[in-house]
Amino acid sequence: MTVLSDTAAQASEQEILQKQRDKRKRVHRMKMGIIYFLITYIIVSIVAIVLLGISVFSLQHELKSLDKKVSALENTAAEAVAQASDMDSGTLVADTKTAEENLAGETDTLKVYLTFDDGPSKNTDRILDILDDYGVKATFFVVGKTDDESKAAMQRIVSEGHTIGMHSYSHVYSEIYSSPDAFAADFTKIQNLIYDVTGVDCFYYRFPGGSSNRVSNTDMSEFIKYLNSQGVTYFDWNVANGDATSQAYTTDDLIENVMSDVVKYKTSVVLMHDAANRDKTVESLPTLIEDLQAKGALLLPISKDTTVIQHVKLVEQ
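Now for a description of the structure that goes with this document.

1. Section: helix α7 (residues 220–229)
Then step 1. Regarding α7, the residues found buried are Met 220, Ser 221, Phe 223, Ile 224 and Leu 227. The buried residues of α7 occupy an angular sector of 160° when projected down its axis, which confines them to one face.
Then step 2. Two residues or fewer past α7, Gly 231 is found with a positive phi of approximately 70°.

This is the structure we're talking about:
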């Protein structure tokens, strides 16, 4: 009986040990299954993120290309409309002669005019600080802002040797371009504001949207005639950094947009913006200045000696 009891006890112990081993194996398999699942999930997630990143990058690239194509088409269409718009007192034509004469040769020294629209704002002071660091002068086409900070910025623009220009008082297209009288009233307000704040009689103007804009319901020749009657020169641009075209542009894109075009012209008037939401323009400015200087370009403020860059001109009949 004792032998049978020992044998039964041993068998029971072996059975218990076997069950424990089986249990450990099941637990081990479960752990490995969970680990394999987690590894697979992580790998699949990483691959999905990489593929999504590639798709986003590709879409951004396509968007930038589309923005440039749309902008080019709009400019071409605007110039075509301007060329076809005959008025009793004159005709608007694309300024192709100046554009052709302005093409740069290999030995030409590049003259570059950095211009900033839509200020003053907090970014105007940041830009002025950068320009001061590099000893560069630029041009600011300002709108009608009467707060103390804006007035101080206008005063600083002038006192530090930059050129101040008019970019309308309200910058509201539907108001400015509603009629010749409305345009004249807005013009008088911005010219008087600049004089009252800075003591400068301002005779440089940039149309909101440019002289070839397609927003105005009144023929642009009416407004050009008015500026001519006031002895005011309007400036458009032949190079743009694109900061108002697409928010997708990086600082490197903004720089490349300028650098790829300035080499084409003896005189480049570069369109940029110093509004409060144009931080990328501020961030790109130091490198842009360094790249332009490395090209041997002269960075100048607009003056009476500047080659006038205009999308369209009024040819009197």
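2. Structural notes on a positive patch on the surface
Then step 1. Together, Arg 21, Lys 23, Arg 24, Lys 25, Arg 26 and Arg 29 give the surface a local cluster of positive charge.
Then step 2. Position of Arg 21 relative to the elements: it lies in helix α1 (residues 2–84).
Then step 3. Judged by its relative accessible area of 37%, Arg 21 falls in the partly exposed class.

3. Examining the pattern of salt bridges
Then step 1. According to the stated counting rule, one finds 9 salt bridges in the structure shown.
Then step 2. Linking Arg 156 and Asp 129 is a salt bridge whose minimum nitrogen-to-oxygen distance equals 2.5 Å. Placement of the pair is Arg 156 in helix α4 (residues 148–159) and Asp 129 in helix α3 (residues 122–134), with a sequence separation of 27 residues.
Then step 3. In this structure Arg 156 comes out as buried when scored by relative accessible area, which is 18%.
Then step 4. Among the ionic pairs, Arg 156 bridges to Glu 160, the shortest N-O distance being 2.6 Å.
Then step 5. Given the relative accessible area of 24%, Glu 160 is considered partly exposed.
Then step 6. When salt bridges that share partners are traced, they join Asp 125, Asp 129, Arg 156 and Glu 160 into one network.

4. As for the packing of aromatic side chains
Then step 1. One pass over the structure, following the stated rule, counts 13 aromatic pairs.
Then step 2. Look at Phe 37 and Tyr 41: their rings are 6.4 Å apart centre to centre, the planes differ by 20°, and that puts the pair in the stacked class. With Phe 37 and Tyr 41 both in helix α1 and 4 residues apart, this pair spans about one turn of that helix.
Then step 3. Among the aromatic residues, those joined into a cluster by ring pairs are Tyr 173, Tyr 177, Phe 183, Phe 187, Tyr 205, Phe 207, Phe 223, Tyr 226 and Tyr 234.
Then step 4. Just above the ring of Tyr 169 sits the side chain of Lys 189; from NZ or CZ to the centre is 4.1 Å.

5. Focus on the pairing of strand β4 (residues 139–142)
Then step 1. Burial of β4 is two-sided: the residues Thr 139 and Phe 141 facing one way and the residues Phe 140 and Val 142 facing the other way are all buried.
Then step 2. Two strands pair when backbone bridges link them, and strand β3 (residues 111–119) and β4 are joined in this way by 4 bridges, in the parallel orientation. By the bridge assignment for β4, Asp 117 is matched with Phe 141.
Then step 3. Handedness of the β-α-β unit built from β4, α4 and strand β5 (residues 163–166) comes out right-handed.

6. Topic: unusual backbone geometry
Then step 1. The amide bond that connects Gly 119 to the next residue, Pro 120, takes the cis arrangement and shows omega of 5°.
Then step 2. Along the chain, Pro 120 falls in the loop between β3 and α3.
Then step 3. Although it is not a glycine, Ser 168 adopts a positive phi angle of roughly 80°.
Then step 4. Take Ser 168: it is sitting in the loop between β5 and α5 (173–176).
Then step 5. The exposure class of Ser 168 is buried, given its relative accessible area of 0%.

The rules behind the values
Residues numbered from 1 in each chain as written. Predicted model: local features only at pLDDT ≥ 70, side-chain atom pairs only at ≥ 80, totals over all residues. Heavy atoms only, no water. Buried < 20%, exposed > 50% of the residue type's maximum accessible area, 1.4 Å probe, protein only. Helix = DSSP H or I, 4+ residues; strand = E, 2+ residues; numbered from the N terminus. Arc of directions from axis to C-beta. Patch = residues over 30% accessible without salt bridge, like charges linked within 9 Å, V, L, I, M, F, W, Y side chains within 5 Å. Areas by Shrake-Rupley, 256 points an atom, 1.4 Å probe, with all protein chains shown as cover. Salt bridge = Lys/Arg side-chain N within 4 Å of Asp/Glu carboxyl O. Lys, Arg positive; Asp, Glu negative; His and termini not counted. Charge placed at Lys NZ, Arg CZ, Asp CG, Glu CD. Phe/Tyr/Trp six-rings, centres within 6.5 Å; stacked < 30°, edge-to-face > 60°. Lys NZ or Arg CZ within 6 Å of the ring centre and 35° of its normal. Pairing = 2+ DSSP bridges. Right-handed = clockwise from strand over helix to strand, strands pointing away.

The quantities given are spatial measurements derived from coordinates; they are silent on function.
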